Amino acid sequence: MQRRKFLSLGALAAVVAFVPANVSAEDYRTTKPETWQAHSVNDAMMKLYGTTTTIEKGIKLVAPDVAANGGAIPVDIKSDIPAKSVAIFQDANPEATVGVYTMSEDAIIDYSIKIKMKKSGTITVVVEGTDGKFYSAKKTLDVALGGCEG
Amino acid sequence: MKIKAKIKGDIVDVKVMAQHEMMTYDVAEKKTGDKNNANFITHINAVVNGKVVFDMSTSQFLSKNPIFKFKFKGAKAGDELVMTWVDLKGNTKVSKSKIK
């Protein structure tokens, strides 16, 4: 706090504005903004990780075969791969990226999240391993009622 | 946020519901005529004893009032879990809960 007294008002405002982003280990919306605008899964993966080459193993991805309500589709992800991050993509919405988990020392890949899908499509989960390799799993599902119309 | 954090063995099991509209650009355009009215949680994390145990950058495609379930290790009963989210408009919300 002591240091802040020496900052100019403008710099102080910048510091305050930066605080929300700073609570995170890595905010991918700040560091990889283009990821969130990509329209295809491959494009989003390229923007986030710089590759679309993945090994299809090591991840358990569970989602329903048919989702009655596209506004809240339960997605479960489990993996024992030592990882740096885990990303969720899908190809049914205007943009492909749903979310990116940043892994830390005490984190375990055992996540559940409810996502929105506008129509039937495929969910792709990519795990960025600490070994520098990328692992993926896919799940195609039917969506009865689209979830982006609110 | 509604937080339930329970420890079993050395693994803490957390279930969080964040109250948020999670309005997509499409819905904002349809309902208000301006897609810039879209607002959704863009980042959420959890900190225990000063260490980040859960961290997610998110998009408009999470459900309304999204539920986050996650697990982590390295904590004990009685430790405080601090959850923080930030949305597109810059609003933040901090909620705390003891691990049971």
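What counts, and at which threshold
- Residues numbered from 1 in each chain as written.
- Chains lettered and ligands numbered in written order.
- Predicted model: local features only at pLDDT ≥ 70, side-chain atom pairs only at ≥ 80, totals over all residues.
- Heavy atoms only, no water.
- Helix = DSSP H or I, 4+ residues; strand = E, 2+ residues; numbered from the N terminus.
- Buried < 20%, exposed > 50% of the residue type's maximum accessible area, 1.4 Å probe, protein only.
- Contact = heavy atoms within 4.5 Å.
- Areas by Shrake-Rupley, 256 points an atom, 1.4 Å probe, with all protein chains shown as cover.
- Lys, Arg positive; Asp, Glu negative; His and termini not counted.
- Charge placed at Lys NZ, Arg CZ, Asp CG, Glu CD.
- Patch = residues over 30% accessible without salt bridge, like charges linked within 9 Å, V, L, I, M, F, W, Y side chains within 5 Å.
- Salt bridge = Lys/Arg side-chain N within 4 Å of Asp/Glu carboxyl O.
- Core = buried A, V, L, I, M, F, W, Y, C linked by side-chain atoms within 4.5 Å.
- Polar contact = N/O pair within 3.5 Å; in protein donor to acceptor, adjacent residues only side chain to side chain.
- Pairing = 2+ DSSP bridges.

## A look at the overall build of chain B
Counting its secondary structure elements, chain B contains one helix and seven strands. Going from the N terminus to the C terminus, chain B shows its helices and strands as β-β-α-β-β-β-β-β. Its C-alpha atoms give chain B principal-axis dimensions of roughly 50 × 20 × 15 Å. Residue burial in chain B is summarised as follows: out of 100 residues, 49% are buried. Partitioning the contacts of chain B with sequence separation of at least 6, the portion at a separation of at least 24 is 56%. Summed over all atoms, the accessible surface of chain B reaches about 4800 Å², with 49% contributed by carbon and sulfur. Of the side chains in chain B, 19 bear a positive and 10 a negative charge, and the two mean positions are spaced by 8 Å.

## Looking at the overall build of chain A
If you tally the helices and strands in chain A, you get three helices and eight strands. Starting at the N terminus and walking to the C terminus, you meet the elements of chain A as α-α-α-β-β-β-β-β-β-β-β. For chain A, the proportion of its 150 residues judged to be buried stands at 46%. Taking contacts inside chain A between residues at least 6 apart in sequence as the whole, the part at least 24 apart equals 62%. As displayed, chain A has an accessible area near 7500 Å², and 55% of this comes from carbon and sulfur atoms.

## Looking at a positive patch on the surface
Residues Lys114(A), Lys4(B), Lys6(B), Lys15(B), Lys69(B) and Lys100(B) make up a contiguous surface patch of positive charge. Note that Lys69(B) resides in strand β5 (residues 67–73).

## Some details on the nonpolar core
By size, the foremost hydrophobic cluster in this structure holds 54 residues, and its most contacted members are Ile77(A), Ile123(A), Phe54(B), Phe72(B), Leu81(B) and Met83(B). With residues up to four places along the chain from it excluded, the contact list for Met83(B) reads Met1(B), Ile3(B), Val16(B), Ile44(B), Asn45(B), Ala46(B), Phe54(B), Phe70(B), Lys93(B), Val94(B) and Ser95(B). Listed in part, the 14 residues of the second largest apolar core include Ala44(A), Ala87(A), Val100(A) and Val126(A).

## What to know about the side chain of Ser59(B)
Along the chain, Ser59(B) turns up in the loop between β4 (51–58) and β5. Among the polar contacts made by the side chain of Ser59(B), one reaches the main-chain amide nitrogen of Phe61(B) at a distance of 3.1 Å. Not counting the four nearest positions on each side in its chain, Ser59(B) is found in contact with Arg29(A), Trp36(A), Thr97(A), Val98(A), Met22(B), Phe40(B) and Ile41(B).

## Remarks on the sheet that holds β4(B)
Spatially, β2(A)-β8(A)-β7(A)-β4(A)-β5(A)-β4(B)-β3(B)-β6(B)-β7(B) is the arrangement adopted by the nine strands of the open sheet, whose pairing is mixed. The sheet terminates laterally at β2 (66–67) of chain A together with β7 (92–98) of chain B, the two strands that pair on one side only. In the sheet, strand β3 (residues 41–48) of chain B pairs with strand β6 (residues 80–87) of chain B via seven bridges, with the strands oriented antiparallel. Bridge pairing links Val48(B) to Leu81(B) in β6(B).

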